[in-house]
Structures are given as structure tokens and as C-alpha cells.
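# Report on the structure
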2 protein chains.
Amino acid sequence: MTTEQLHTYRQELYQHLTKELLPFWTARTVDQTYGGFITHFDQHGNDTGEDEKSLIAQTRSIYTYASAHRAGYGNGQLANLARHGVDYLLSRMWDTEHGGFYWMTNRAGKVLIDEKIVYGQSFAIYCLSEYTLATGDPRGAAYAQQVFDLLQKYAVDSAHGGYFEMFHRDWTLKGPGSAGSDRKTLDAHMHLMEAFTTLYECTQQPIHRRKLLEVIDLLVRRIMHPEYGTGVPQFWADWQVAPQIKFDIIWGWDRFTEDGVKRAAEDNTSYGHNAEFAWLLMHALDILEIPQDTYREQLIKSFAHAIDYGVDWEFGGIFVEGSHSGAVYDREKEFWQQAEVLIGFLDAYRLTGDERYWDAYANVHRFVVDKMMNHTVGEWWPLMTRQGVPIWTHMSHSWKINYHTVRSMIQSIRRLDLLLAER
Amino acid sequence: MTTEQLHTYRQELYQHLTKELLPFWTARTVDQTYGGFITHFDQHGNDTGEDEKSLIAQTRSIYTYASAHRAGYGNGQLANLARHGVDYLLSRMWDTEHGGFYWMTNRAGKVLIDEKIVYGQSFAIYCLSEYTLATGDPRGAAYAQQVFDLLQKYAVDSAHGGYFEMFHRDWTLKGPGSAGSDRKTLDAHMHLMEAFTTLYECTQQPIHRRKLLEVIDLLVRRIMHPEYGTGVPQFWADWQVAPQIKFDIIWGWDRFTEDGVKRAAEDNTSYGHNAEFAWLLMHALDILEIPQDTYREQLIKSFAHAIDYGVDWEFGGIFVEGSHSGAVYDREKEFWQQAEVLIGFLDAYRLTGDERYWDAYANVHRFVVDKMMNHTVGEWWPLMTRQGVPIWTHMSHSWKINYHTVRSMIQSIRRLDLLLAER
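Along every chain, residues carry numbers that run from 1 in the direction the sequence is written. Here the convention is simple: chains get letters from A, ligands get numbers from 1, in the order in which they are written. For this predicted model, a pLDDT threshold of at least 70 governs which residues receive local features, and a threshold of 80 or more governs which side-chain atom pairs are given and counted, while totals over whole chains, interfaces and linings are taken from all residues. Only hydrogens and water are set aside when side-chain values are computed; all heavy atoms of the structure are taken into account.

## Topic: the overall build of chain A
To qualify as a helix, a DSSP run of H or I must reach at least 4 residues; to qualify as a strand, a run of E must reach at least 2; elements of each kind are numbered from the N terminus. When its secondary structure is counted, chain A shows twelve helices and 13 strands. Only C-alpha atoms enter the radius of gyration; for comparison, a globular chain is expected to reach 2.2 Å times N to the power 0.38, where N is the number of residues. Over its C-alpha trace chain A gives a radius of gyration of 20 Å, about what one expects of a compact globule, namely 22 Å for 423 residues. Looking at chain A residue by residue over its 423 residues, the buried ones come to 64%. Surface accessibility follows the Shrake-Rupley procedure with a 1.4 Å probe radius. Residue values consider only the protein chains on display as shielding. Summed over its atoms, the accessible surface of chain A is roughly 14300 Å², and 48% of this surface lies on carbon and sulfur atoms. Computed over 40 positive and 55 negative side-chain charges, the separation of the two mean positions in chain A equals 3 Å. Partly exposed describes any residue whose relative accessible area lies between the buried limit of under 20% and the exposed limit of over 50%, with all areas from a 1.4 Å probe on protein chains only and scaled to the type maximum. Working convention for charge: Lys and Arg count positive, Asp and Glu count negative, and His plus the chain ends are omitted. The atom standing in for a charge is NZ when the residue is Lys, CZ when it is Arg, CG when it is Asp and CD when it is Glu.

## Some remarks on the domain arrangement of chain A
Residues and elements named next belong to chain A. Splitting chain A by domain gives domain 1 (31-225 + 234-267) and domain 2 (271-422). Segment limits for the domains were obtained from an automatic or database-derived domain assignment. Here domain 1 and domain 2 have C-alpha centroids that lie 21 Å from each other. Here a residue-residue contact requires only that any non-hydrogen atoms of the pair lie within 4.5 Å. Between domain 1 and domain 2, the contact holds 50 residues from the first and 44 residues from the second. With both sides pooled, the region where domain 1 packs onto domain 2 buries about 4100 Å², and carbon together with sulfur makes up 62% of that total. When the area that domain 1 buries against domain 2 is broken down by residue, the three leading residues are Gln-43, Trp-253 and Arg-255, summing to 17%. Counted as salt bridges are all cases of a side-chain nitrogen of Lys or Arg within 4 Å of a carboxyl oxygen of Asp or Glu. At the surface where domain 1 touches domain 2, the tally comes to two salt bridges. With a shortest N-O distance of 2.5 Å, Glu-194 and Arg-407 are connected by a salt bridge. We call two N or O atoms a polar contact when they sit within 3.5 Å, provided that within protein one can donate a hydrogen and the other can accept it, with sequence-adjacent residues counted only if both atoms are side-chain atoms. Summed over the shared surface of domain 1 and domain 2, the number is 18 residue pairs in polar contact (both at pLDDT 80 or more). When contributions to the side of domain 1 that touches domain 2 are tallied by element, the ones reaching two or more residues are helix H2 (55-70), helix H4 (118-135), helix H6 (186-203) and helix H7 (206-223). Charged means Asp, Glu, Lys or Arg here, nonpolar means Ala, Val, Leu, Ile, Met, Phe, Trp, Tyr, Cys or Pro, and polar covers whatever is left, Gly included. Taken together, the residues of the side of domain 1 that touches domain 2 break down into 26 nonpolar, 13 polar and eleven charged. Computed with a 1.4 Å rolling probe, the buried area is the accessible surface lost when two parts are put together, summed over both parts.

## Things to note about the side chain of A:Ser122
All names here are of chain A. Tracing the backbone shows Ser-122 in helix H4. Classification of Ser-122 by relative accessible area gives buried; the value is 1%. One polar contact links the side chain of Ser-122 to the main-chain carbonyl oxygen of Tyr-119, over a distance of 2.8 Å. Not counting residues within four places of it along the chain, the set of residues in contact with Ser-122 comprises His-191, Leu-192 and Ala-195.

## Quick notes on the interface of chain B and chain A
Contact residues are listed per partner, giving 27 residues for chain B and 27 residues for chain A. On the chain B side of the interface with chain A, the three residues burying the most area are B:Lys153, B:Ser158 and B:Arg210, jointly 31% of the side's total. Taken together, the links from chain B to chain A amount to two salt bridges. The residue A:Asp149 makes a salt bridge to B:Lys153 at a minimum N-O spacing of 2.9 Å.

## So, the environment of A:Gln32
By the element assignment, A:Gln32 lies in the loop between helix H1 (3-26) and strand E1 (53-54). A relative accessible area of 69% means that A:Gln32 is categorised as exposed.

## Comments concerning the sheet that holds strand E12 (residues 383-384) of chain B
Residues and elements named next belong to chain B. Note on pairing: two strands pair once DSSP finds at least 2 bridges between them. On the basis of which strands lie adjacent, the open sheet formed by three strands has the order E11-E12-E13 and antiparallel pairing. Either end of the sheet is taken by a strand with one partner, and the two such strands are strand E11 (333-334) and strand E13 (390-392). Bridge count for E11 against E12 is two bridges, and the pairing is antiparallel. When the bridges of E12 are listed, Glu-334 appears paired with Leu-383.

## Structural notes on the sheet that holds strand E10 (residues 328-330) of chain B
Residue and element names in this part refer to chain B. In space, the three strands of this open sheet follow the order E8-E9-E10, with antiparallel pairing throughout. For this open sheet the edge positions go to strand E8 (269-270) and E10, each flanked by a neighbour on one side alone. Looking at chain direction, E8 and strand E9 (residues 321-322) are connected through two bridges and run antiparallel. Paired with Ser-270 across the two strands is Glu-321, which belongs to E9.

## Here's the deal with the relation of the copies chain B and chain A
A least-squares superposition brings the copies together, and it is based on the C-alpha atoms of residues with pLDDT no lower than 70 in both. Taken as rigid bodies, chain B and chain A are interconverted by a rotation of 180 degrees and an axial shift of 0.0 Å, the fit giving an RMSD of 0.0 Å. Expressed as an axis order, the relation between the two copies is that of a two-fold axis. Minimal C-alpha separation from the rotation axis in chain B is found for B:Gly161, amounting to 2.1 Å. The share of interface residues of chain B whose copies in chain A are also at the interface is 100%, consistent with both copies meeting through the same surface.

## Description of the packing of helix H9 (residues 296-310) of chain A against helix H10 (residues 335-352) of chain A
Residues and elements named next belong to chain A. It is at 10 Å that the axes of H9 and H10 come closest, and there the two elements cross at 130 degrees. Looking at the two axes, H9 sits oblique to H10. Crossing geometry of H9 relative to H10 is assigned as left-handed. Contacts between H9 and H10 involve Arg-296, Leu-299, Ile-300, Phe-303, Ala-306 and Ile-307 on the former and, on the latter, Gly-344, Phe-345, Asp-347, Ala-348, Leu-351 and Thr-352. Here the contact of H9 with H10 is built from residues that sort into eight nonpolar, two polar and two charged. To obtain each axis, a line is fitted to C-alpha atoms, and for helices this fit is confined to the stretch in contact; angles are then taken between N-to-C directions over 0 to 180 degrees. Orientation labels follow simple angle bins: below 35 degrees gives roughly parallel, above 145 gives roughly antiparallel, 65 to 115 gives roughly perpendicular, and whatever is left gives oblique. Should the near helix be turned counterclockwise from the far one by less than a right angle, the crossing is left-handed, whereas a clockwise turn marks it as right-handed.

## Observations regarding the environment of B:Ile250
All names here are of chain B. Tracing the sequence through the fold places Ile-250 in the loop between strand E7 (234-236) and E8. Linking Ile-250 and Val-156, residues 94 residues apart in sequence, is a C-alpha distance of 21 Å. For Ile-250, the contacting residues outside a window of four places in its chain are Trp-103 and Trp-399.

## Considerations on the confidence of the model for chain A
Confidence of the prediction at every residue is given by pLDDT, a number between 0 and 100. Put simply, chain A has an average pLDDT of 96, and 100% of its residues get 70 or more. Note on the complex model: pTM 0.96, ipTM 0.94.

## Considering unusual backbone geometry
Residue and element names in this part refer to chain A. Backbone geometry at Trp-171 places phi at a positive 70 degrees, although glycine is not the residue there. Of note, Trp-171 is situated in the loop between strand E5 (166-167) and strand E6 (183-185). Of the residues examined, Trp-171 reaches a relative accessible area of 2% and is grouped as buried. One non-glycine residue, Trp-239, lies in positive phi territory at about 75 degrees. By secondary structure assignment, the location of Trp-239 is in the loop between strand E7 (234-236) and strand E8 (269-270).

Pasting the structure below:
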């Protein structure tokens, strides 16, 4: 690594963030008619007209604008954008009768899916806490805490620990199987860690700290593979590993066989998810003021698996997923895994000082800047072949939006700046 | 068993309850000056003047009067008594800032111990739910639900399941060791089952049903001995068995060695507690409308241990405690274990039809009626020698009061009536 390299990489990301990525969104996402955000754009950045506003896309947008404002971008414009999103979220998506946020409305604000999905509630906590940290508007923290309290009452499994994830509108559990109430996932618990970290950063309340520590304990002790330190996607309520199935309510475009089961349903892990987990854990420890060494072994296992098996040294970028012991199952390149390993490999370098992580960062950085960023439009291609040819071409939909891309730029720039400051 | 025997036993209990036990309390427990109940009486039934009102004694008193009213006793007087207690509980013991009930006030209502002890909160839920069921006053259910919500938020261990038990006023955990925050107990979890049963009976809310099922699952799967089905008193947070120690905050007069450790700290179980657990579980299943056979093996193990090792066939009554495999450690006779096995052995007979349980009931019944009831005063001796000579002589203090004795009479009469009806 040279200082010049650091400067170049930093400048490439800053240029993309400030001249392409944020402008893409500020130019087109505000719904002037109904409030909230328009979140469906095709490969040219044109509104596809899809008539839905998902909890995920609205909350992730709020997070994006609030966090970018807090990081110093946008000259105040992004705080207003975040407030615009919070106004919609609280007035249209909050269930005044049973509490919690609905899963889906149409553009006009009519509720389409009234279910309470923990994955979505976790992003509500995350974005509303970030929003109060960024703007001082107390509405964010107030609603974030209400959601936290609802999760403690309704979602926690007081028999086995952890959180159930799929509820009807009235917070009664949905059914088993693809309805999802008999399973617990890495995904929801990791995002609860992420959400509780920012909630605690915002409120400094002891109960938010304690439940953050408890979910970290669960992740490390129950959810990450005991030998490989890699994420196991799905469990039964009692924490026995469950075959990975597709749920009725989804928040991504994971590829399953036609019967809704993964090819390797019980031996499948995501390199990008593992790196994301590890850097989110490092961030949680920072906020908690707990030494990184407390979980050093876990952190290194998660990062090492991604670098040992997930990096495509031939064509660049990170693969989608593979087995816990290493075999790669899916060599395509999806946007969010690239975004997360950029942050993750920089943190792995910060943790270990191992130059291999810098080389892996540089590899993924080049793939992202040279191939995944659709520079002329402003956002990233969602899915590419191993070689870097777009497969899916939309710039945004409910499960893409800007949370991974913008956060990756902000957090990577911050880490590159720290490396530069140490020179 | 003969019909005449049933009639005689029923009449002995009814006579004691209506002519001795309830009159003992209605004559002297109302605190006309400060509200609530006076709960400390010597062997002659005279107020000892002890200047404390404990959460346990106030809530258990409310339960006693409300449940006796609901069972048809007292001609309305007991409902008024319960209301008198609820007025004090809500106005003097409720923490309007942090929620939950304080552990101790003096007679005048000044808070002496502001800590939040789950054992005490469970009795608040129990008595307030029973109070609303008995009187229709909605304040009971409203506060019971508030306490339930606080327990879900603050007491549940979302990492390992179960409930932490010892909190400061602001619901932050107390310290480890004798402060108690690093342990989980059979006692608190069993009383949460008892409390959630009546809460669910009162509210019919799905979340109260679900958390009742979860605590039953914990008790059967984690807390009762896997081989003997007997209660294990204390665990670490992760459900490893912990040596039984004396806590700083107590709710009974368990006898420990001077260092606060039980003689057989890791192999100790209470016959009376096991029988109480089993009949409370049967009652919970009745309220849940789940067949008793669902937990038949567990129920029979708990009852069988009490009858096989706990009954004193020579002098009558039930021993205090012994090892899980059977050896008796303490052959004295304490009041509450007698009270609970009366109900328990009648339920064991109802479950199994085994005449041994009837004989055991008859044995304990005779010991209680002939020796433990202080007929001239109205309450029971708290502790007697194996032969039935009083060791402790007070009729009531914070940890005795009337919950075990009155409930035992009401519930045993109900069961004897059912046996008579089947004749």
C-alpha cells in the first residue's frame, strides 16, 4: 500500500459518492405528491412506476440521508430529505392500534401488507436512531424506542432466547414453514445488532446496551458456525440448524431452486454477509467501548473465510456464497456483498495489519469502481456475471435502494482517511 | 377412600377456613391508619408492631381475599378487603417514574427498599389479575399488564431465555453473587407460570398465553431435573446448575449454613415445591385448555418423588427437603409445604387414580388439622419438629401471611367436592 494508492482510492470513492451516487438520489427520490420516497428506477434511472413503498426501502433511505448528513455531506439538504422520509414513515406506516410499522404501502400510502416483520422493524430502529443523532429531532428516538419495546414484548423467545421474526399485524406469530414463525435467522439477528448499536449510541440507555450485548452473545455463540466462524443462515426456534428456505415475505433476491430450498440448504454461507457481520460487530464494540480483542477470534474467522474463499483474484470482486469449509457455490457478483466487503476488508486490515486484506480491498475496489458502478447513471448494477457483465439491470427497487452503496462509500472513505492520517 | 372420609375431611377444612382462618385475618389485618395490611402477628395473633409492608405480603393478601371472594366466601366483605389492599399497592408501592412495584415500605408507606425483584413482581401480576377476575375492577388487569410488559423488556434474558430476577429501582441488573443477578431460580420461574396463568385467564391475550407456554417449556426442559423431574433451585444465566446460595433479598426463611450456602448446594430439592409445581402446571394446562397428558411424565415424576421420599408415614406430614435421588436432609415440618402437598396429592390422585396419593393426602391432612393448625388463634404454626412441636411460633410475618394456608383450604375443598360429586 502506498500513500498515493490511498489517495487515489479515497478520491475515486469520494467522487462517486458526491458527484454520482448522492445526486442520483436527491434528483429523483422525493415523492412530491404522496410524501416519502420513490424507490424503483430502471437502468437509466427512470421511475418504473411500481406502485409500492416498502418498509425496507423507506427506512433504508432515511438511514442513508441521515447518516450522510451526520458524516458531513449534502450541506443540510440530506437532513431535510431524511425528515421528509420520517414524516411519511410515521404518518403512513406506523400502526396506531397495535404499534410497529407495516411492511408495505402503495405510493399513496394505502397499506398493502400489514404484517410486522422483525427485519423491517430493525431497520426502523436503525434509521430513526440515526435520524435523531443526525438532526436532533426527538421523534426518531421516541419511535425507535417504541419499536424496541414492542420487540422485547412480542418478538423475543423467552424460552430459547433470540427473536421470532414473522408476525401478523397484531403481533401474533405467523405460521411455520415459509410463513417463517418457527425459524430464526442470522439476517434478522445481525441487523438487530446493527440497529441496537445505533439505538444505544443515540439513547445511552442501559437496557439498550444490555440487549445489544445479548444479541452479540447470541450471534457469536449460536449463529456463527462453531468451527469456521461463518454465518449459518437459518435455525429452528431451539437453535438447531434448519435447512435454508425461502420465506413468503422476502427482503432480497436470494436465488432458490423452484421448491424454495437452497441447493446446499444446510451448508451455505455468504462471504459478504460474514464480512458485514464482522465490521458491524467491530463498530458495535467501538460504540460499547469494549476492546476489539474480546471477539478477536470470531472477527478473524469471519474475515479470513471471506478472503480465503470469497475473493475472485482472477476477475475481481467477491463471490456470492459457498460452503462453510470453503467450496464456492455461486461465482456471480452481487452489489451488496461488494459494498460490505469494502468496509470489511479495511476493518480487517485495521484489526490485523495483514497486507492481504489491503490487497483484497484493492481487488474489490477496482471491480466496483471499474465495473459495478454505473457511472453515467449514478447507482450500481445489482448483479453481474463473474466477469462483470450486468445480469440484472435495475438501479433500484424495494430490496436494493441506497443503504449498502452509500454506506459503503461513507464508511470506506472514513477508514481510508484514518489510514492516511496514520501516514 | 370412603364417602364418609371425604365428607369429614371436607368439613374439617371448611370449618377451619370459614370459622378460624378467614376470621383471623378479617379481624386484624386492615391498617385503618395508613391503608394496606398489617401482616405481622405473634403466636397469640397480636400485632408485633414490625414497621414494614413487604410487596410479597401485600400482594399475597390481595390474592387471598380476591380468590376467596371469587370462590364464594365472605359475602362480599373479602372483595372490599382486596380493594383496600389494591388501593395501597397502587398508591404507595408503584414506582411512577420507572414502573414496577417497590420491594418494601414501612407501615406509613415510606419506601424502604426500592429494588425491583421479579419474585415480587410475579405476585403483583398474580394478585392483580385475580382481583380483576374477582371484582371486575379494571385497575387490576391494567397494572398486571404493565408489570408483564416491564418484565418482558427488562427481565427477560434474550440471549439464553428465562428471566433475570434482581434489579435496581431503574431496572438495571444488580450485581452477581448474593445480589443475585447472575442466577435464575426455579422459584421465580414457577411463580411466573402461576402469575401468567391467572393473567391469561383474566385477559385472554395471545401474548400472555404465548409467554405462559414459554415459561412452562423452560420449567420442564431446563429447570426440573432431567432424570428425577424434581426442581433444581438455582442456575447460572446459561442454565448450568449453580450451587444454591442465600440472596441478599429473600422471601422465605430457608435455612442455610452460616456462609449462606446449603449443605447439599447442588443436590437439593423441596418435596412441597415439587408438588406445588405439578399442581400449578396442571392448573395452567386447564386454563390453557391443553390436555394434562401433554406433560404426564413430568407431572408424575414430580408427584412421585414427593410421595416416595417426602411423606412422613410415622409422624405425619411432609418433610422439608432432600436429594433428587431420594435421601431426606431435613425432617422438620414447615407450613407451606404441607399446604401445597394437600392440593398436590389430591391432583395426583385426580391424574393417576392411584390410592397411594389419597393415603398420602389423608396423612398430611391429619397432621395439618391435628397439629399444624393453631385452632384457638386461627393460623398455622410456621415450623414444627418432625413430631409436631412448634419451633417458630409467629402466626404471620412478611414471608408467611395467608396465601399458602387460605389457598390450600379453598383448592383442597374444591377438589374434595369434585371427588364427592363423582360418587
